[in-house]
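Coordinate inspection notes
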Amino acid sequence: MAVPLPTAFAQIPRYPLLYPYPSPIHTLTLLSTYLNNNNSTNTTKTPSISLYAKREDHSSPLACAGNKYRKLEYIIPDIRASHTRPGTNGTGTATPPTLVTEGAIQSNHTVQVAAVANRLGLEAVIILHKGTGGGLAASADKASFLRTGNAQVVRLLGAEVRMLESSTVPAEGEEDPIPAILEELRAQGKAPYWIPSGASLHPLGGLGYARCAFEIAMQEQTQGLDGSGRFDYIFVACGSGSTVGGLIAGLKLLEKVEGKPARKVIGVLTSPTKPREYHEGRVLSFARRAAALIGLDPEKDITMEDVRLDDRFVGTAYGVLDAQTSTALDLMAKREAIMLDPVYTAKVIRGLSHWVQQGDLAKDWSLRTRDWEGPDSINLLFIHTGGQAALGAYADMVDS
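Source: prediction; values computed, not measured.

**Structural notes on the overall build of the protein**
Regarding its fold elements, the protein presents 15 helices and 10 strands. Radius of gyration (C-alpha) of the protein: 21 Å, near the 21 Å computed for a compact globule of 400 residues. The principal-axis extent of the C-alpha atoms belonging to the protein is close to 75 × 50 × 40 Å. In the protein, which comprises 400 residues, the share counted as buried stands at 57%. Of the contacts made within the protein by residues no fewer than 6 positions apart, 80% connect residues no fewer than 24 positions apart. A total of about 16,500 Å² of accessible surface is found on the protein, and carbon and sulfur atoms cover 51% of it.

**Some remarks on the UniProt feature "modified residue: N6-(pyridoxal phosphate)lysine" (unreviewed entry) in the protein**
If you check UniProt for "modified residue: N6-(pyridoxal phosphate)lysine" (unreviewed entry), the listed places come out as Lys 68 in our numbering. Tracing the sequence through the fold places Lys 68 in helix H3 (residues 68-81). Residues within four places of Lys 68 in sequence aside, it is in contact with His 109, Gln 112 and Gly 198.

**Section: a nonpolar patch on the surface**
A cluster of nonpolar residues, Met 1, Tyr 19 and Tyr 21, forms a patch on the protein surface that exposes about 340 Å² of accessible area. Take Met 1: it is sitting in the segment before helix H1 (7-10).

**With respect to the pattern of salt bridges**
Two side chains that carry opposite charge are able to pair once their charged atoms sit near each other. In the structure shown here, the tally under the stated rule is 26 salt bridges. Between Arg 162 and Glu 160 there is a salt bridge whose closest N-O contact spans 2.7 Å. Exposure remark for Arg 162: the relative accessible area of 16% places this residue in the buried category. A relative accessible area of 33% places Glu 160 in the partly exposed class. For Lys 334, the salt bridge goes to Asp 330, with nearest N and O atoms at 2.5 Å. Here Asp 330 and Lys 334 lie together in helix H13 (residues 323-336), a separation of 4 residues that amounts to about one turn. For Lys 334, a relative accessible area of 64% translates into the label exposed. What makes Asp 330 partly exposed here is its relative accessible area of 28%. Overlapping salt bridges, with partners in common, bring together Lys 54, Glu 56, Arg 70, Arg 211 and Glu 215 in one network.

**What about the sheet that holds strand S5 (residues 160-164)?**
Taken in spatial order, the 4 strands line up as S5-S4-S3-S6 in an open sheet, and their pairing is parallel. Pairing within the sheet leaves two strands with one partner each, and these edge strands are S5 and strand S6 (191-195). This sheet shows a mean twist of 25° between the axes of neighbouring strands, independent of strand direction. Pairing between strand S4 (residues 123-129) and S5: 5 bridges, direction parallel. Among the inter-strand pairings, Ile 126 is bridged to a residue of S5, identified as Val 161.

**Here we look at the UniProt feature "active site" (unreviewed entry) in the protein**
The UniProt record marks Ser 107 with the feature "active site" (unreviewed entry), using the residue numbering of this structure. With respect to the secondary-structure elements, Ser 107 resides in the loop between strand S3 (97-104) and helix H4 (108-120).

**A word on the packing of H13 against helix H14 (residues 345-357)**
One way to put it is that H13 packs onto H14 with a least axis distance of 8 Å and a crossing angle of 90°. Considering the angle they form, H13 stands roughly perpendicular to H14. Of H14, the residues touching H13 (which contributes Gln 324, Thr 325, Ala 328, Leu 329, Leu 331 and Met 332) are Ala 346, Lys 347, Ile 349, Arg 350 and Ser 353. Classifying every residue of the contact of H13 with H14 gives 6 nonpolar, 3 polar and 2 charged.

Rules of the game
- Residues numbered from 1 in each chain as written.
- Predicted model: local features only at pLDDT ≥ 70, side-chain atom pairs only at ≥ 80, totals over all residues.
- Heavy atoms only, no water.
- Helix = DSSP H or I, 4+ residues; strand = E, 2+ residues; numbered from the N terminus.
- Rg over C-alpha atoms; globule rule 2.2 N^0.38 Å.
- Buried < 20%, exposed > 50% of the residue type's maximum accessible area, 1.4 Å probe, protein only.
- Contact = heavy atoms within 4.5 Å.
- Areas by Shrake-Rupley, 256 points an atom, 1.4 Å probe, with all protein chains shown as cover.
- UniProt positions renumbered as here; feature names shortened; annotations may be inferred.
- Patch = residues over 30% accessible without salt bridge, like charges linked within 9 Å, V, L, I, M, F, W, Y side chains within 5 Å.
- Salt bridge = Lys/Arg side-chain N within 4 Å of Asp/Glu carboxyl O.
- Pairing = 2+ DSSP bridges.
- Axes fitted to C-alpha atoms, helices over the stretch in contact; angles between N-to-C directions.
- Parallel < 35°, antiparallel > 145°, perpendicular 65-115°, else oblique.
- Nonpolar A, V, L, I, M, F, W, Y, C, P; charged D, E, K, R; others polar.

What follows is the structure, encoded as structure tokens:
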């Protein structure tokens, strides 16, 4: 099913990794009822809130479907175009690229890069950093954490896995190990193609979720939404940042196409390592970079007012399943029989629940609709970015 895109956007090369139809959007009826009934500020003027989930974990036939496949669809044409390095055997033939990327021990991104390497018939080198986040340190069974979950899947996919003591972001005075690894691979006659952690720093990293914005708009027409007839808010995890940035860019382009105000993206931060302002700056830069590629004026059309991040639910450390996040994971499982992941989506549901139950959503909605008569219902879309394969490594942290 083709997603209708403006001409400038549609002409950007893309290699399909997803199913030929949109990832499904499911109504979260039981969770909606539960959160509306347990709204501590519930009054007759409080709008009814309807929750939906866009199942990016059902988006691709490849291993551990999730949000990174959308990003990689736009990066693959560049990977394939990089088959220009002369061979080392004197024949002058091109050397196929070796995909190289990095992440935390339980990185979803590294699994999806390894799967893409398999699809393209390429080798993959996966660098897993023990020092990224606090998941490994918090685990009572560190040996299990290092070999199960996504760490197990990436090995099953046949990637070469290198575990380092370092972090993806070297501390001050520490040497970044990546350049030496890339040089080592070149010395072996390989042509490493570097994909930054989360694919966010790649120049094409935001395009996948700019396209997803148009997919969501297309699906709204068949969802039978009340009130505005579209999703008023979109809640999504904010880690490396280009998923949120891409969505913002795509929705701003939609605003021009539709002639209606953009849907509001709420990015729920998943790490306390950096302050919110740091992430806001990154998301703004990613949104503007994607905007420039899809036909917008990045400085004029995308501003800091478009970036809304919430840092209240980051927990104690990146990758640590704290008690409140575990409760959110349990809530989704028991109310909707949907499994979340312990690093990203469980924190989004924790934040989303707070916004509904503590009145944050109703307050924000009243400010947005102050100058016009808004509907008495709000449609909220949660983007499930996958990652459930990591749950096995968190067995000792999940409440029974």
